[in-house]
Amino acid sequence: MSSNPLIHLTGPLLLGSLLSFFLNGTFVLQIYDYYMNYASTDRRAFVFLVGFVVLVEIMHMIMSTHNTYQILAEGFGNPKIFEQTPFSGGTLPALNGLVGLCTQLFFAWRISVLSKSIIGKITSALVIMGAFAQCGAAIGVTIQYSLLAQDLSLINTLQRTVIAWLGGSFATDMLISIAMVIILLRTREATAFGGSRNMLNALIVHTIENGAITTACAAVMLITYLGIKQANLYYACFEYILGRLYASVLLATLNGRKRMRRAATSEIELSLERSNHGTTGKISNPALQLRSNNGRSEYNSTAKPDSKLYPVAMSVSSTTVQMQHEEENKARMVSLGYLVSFCWQV
């Protein structure tokens, strides 16, 4: 056990600050990738959405740095700093809620576009309501904590609002993950070719991983907050990184569209090449020729059939193979239609 009585307060702040700066660094790389590859051609709404998230993330970095500096540097060794913590610490829930709102609204739009059923539209509406509810609760936490004069000893009085915020985030993220996985599974079922199915399998795993990151962070933060038995800031460590995870998930999803579309384009080109080869190429399956061998009749699949003896058989065989190619091409085009619709709608 450490002899420092404030380690349960200062330690989580330091770790959260370090993790936050690390995630901010990865976020900068994602922003660079987005503006180099998408900003000039992407939907204006997406460009504004990313720009707004960038502004909120800058504000969060400033506020979290100010909060950490005031407590760990200015207030070093002074326990009274926790009786009235810096105002900047109280703004973090609202900023996290805003980033979560932007990310969840994006996925609500995605669910609405990809799902044509009424259930998909209802799910999208539920995600929107959950997103605004958790954001409103997060802003409520900031307002209530400010009214308490940032007194850390009174943080437990905010339980209802904190539960609404983090519980809403958890439920909304779970709903998004389930809806997206179901949509991807249905798209995979409509796709008959291995390359397309492998790509969709990768997207399913990616969706589950992204949903698990933010869901787990919100859940752990809520558990550590509700489990406070003594003065500690364990939950603050996760509060520092929750919004950064939302921002990273949003940018990773936006930046991943180019790879997905490139893979879909390659699949289309390969399928068209196979289709053309199957249509124009020679029929490789030889007709079976019936011959006599010691009074017994047997089939010879290697002998070349005589078109003079079997003109009807040759014609039927050729027509049958061509029909098979046409059916295969039709199935391939239908399958690729689902894939193209999915990749270019998002």
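I will try to describe carefully the structure that is included in this document. Keep in mind that what you see is a predicted model, and the values were worked out from it rather than measured.

Tallied over the full model, the rule gives 1 salt bridge. Its salt-bridge partner being Glu 57, residue Arg 244 comes within 2.7 Å of it at the nearest N-O pair. With Arg 244 in helix 7 (residues 234–255) and Glu 57 in helix 2 (residues 44–74), this pair connects stretches of sequence that are 187 residues apart.

Looking now at a nonpolar patch on the surface. The grouping of Phe 21, Leu 55, Ile 58, Met 59, Met 61 and Ile 62 at the surface amounts to a nonpolar patch, some 520 Å² of accessible area in total. Among the elements that line the nonpolar patch, the one with the most residues is helix 2, at 5 residues. Locating Ile 62 in the fold gives a position in helix 2. The exposure class assigned to Ile 62 is partly exposed, which follows from its relative accessible area of 46%.

All right, on to helix 7 then. Its 22 residues place the ends of helix 7 33 Å apart at the C-alpha level, agreeing with the 32 Å of an ideal helix rising 1.5 Å per residue. Bending of helix 7 peaks at approximately 30° at the position of Ile 241. Judged by how many residues are buried, helix 7 sits mostly within the fold: 19 of 22 residues are covered.

At their nearest, the axes of helix 1 (residues 7–37) and helix 2 sit 10 Å apart, and the two run at 155° to each other. Here helix 1 is positioned roughly antiparallel relative to helix 2, judged by the angle of their axes. The handedness of the crossing between helix 1 and helix 2 is left-handed. Residue composition of the contact of helix 1 with helix 2, grouped by class: 15 nonpolar, 9 polar and 1 charged.

Next up on the list: the side chain of Gln 104. Checked against the element boundaries, Gln 104 lands in helix 3 (residues 87–114). Looking at Gln 104, its side chain comes within polar contact range of the side chain of Tyr 246, at 3.4 Å.

Considering the arrangement of structural elements, one finds Gly 51 in helix 2. Here the alpha-carbon distance between Gly 51 and Ile 31, two residues 20 residues apart in the chain, equals 9.3 Å.

How each quantity is defined
- Residues numbered from 1 in each chain as written.
- Predicted model: local features only at pLDDT ≥ 70, side-chain atom pairs only at ≥ 80, totals over all residues.
- Heavy atoms only, no water.
- Salt bridge = Lys/Arg side-chain N within 4 Å of Asp/Glu carboxyl O.
- Helix = DSSP H or I, 4+ residues; strand = E, 2+ residues; numbered from the N terminus.
- Patch = residues over 30% accessible without salt bridge, like charges linked within 9 Å, V, L, I, M, F, W, Y side chains within 5 Å.
- Areas by Shrake-Rupley, 256 points an atom, 1.4 Å probe, with all protein chains shown as cover.
- Buried < 20%, exposed > 50% of the residue type's maximum accessible area, 1.4 Å probe, protein only.
- Expected span 1.5 Å × (residues − 1).
- Bend = angle between axes of the 7 residues up to and from the residue.
- Axes fitted to C-alpha atoms, helices over the stretch in contact; angles between N-to-C directions.
- Parallel < 35°, antiparallel > 145°, perpendicular 65-115°, else oblique.
- Left-handed = near helix turned anticlockwise from the far one by under 90°.
- Nonpolar A, V, L, I, M, F, W, Y, C, P; charged D, E, K, R; others polar.
- Polar contact = N/O pair within 3.5 Å; in protein donor to acceptor, adjacent residues only side chain to side chain.

Fair warning: the whole summary comes from geometry, so function is off the table for now.
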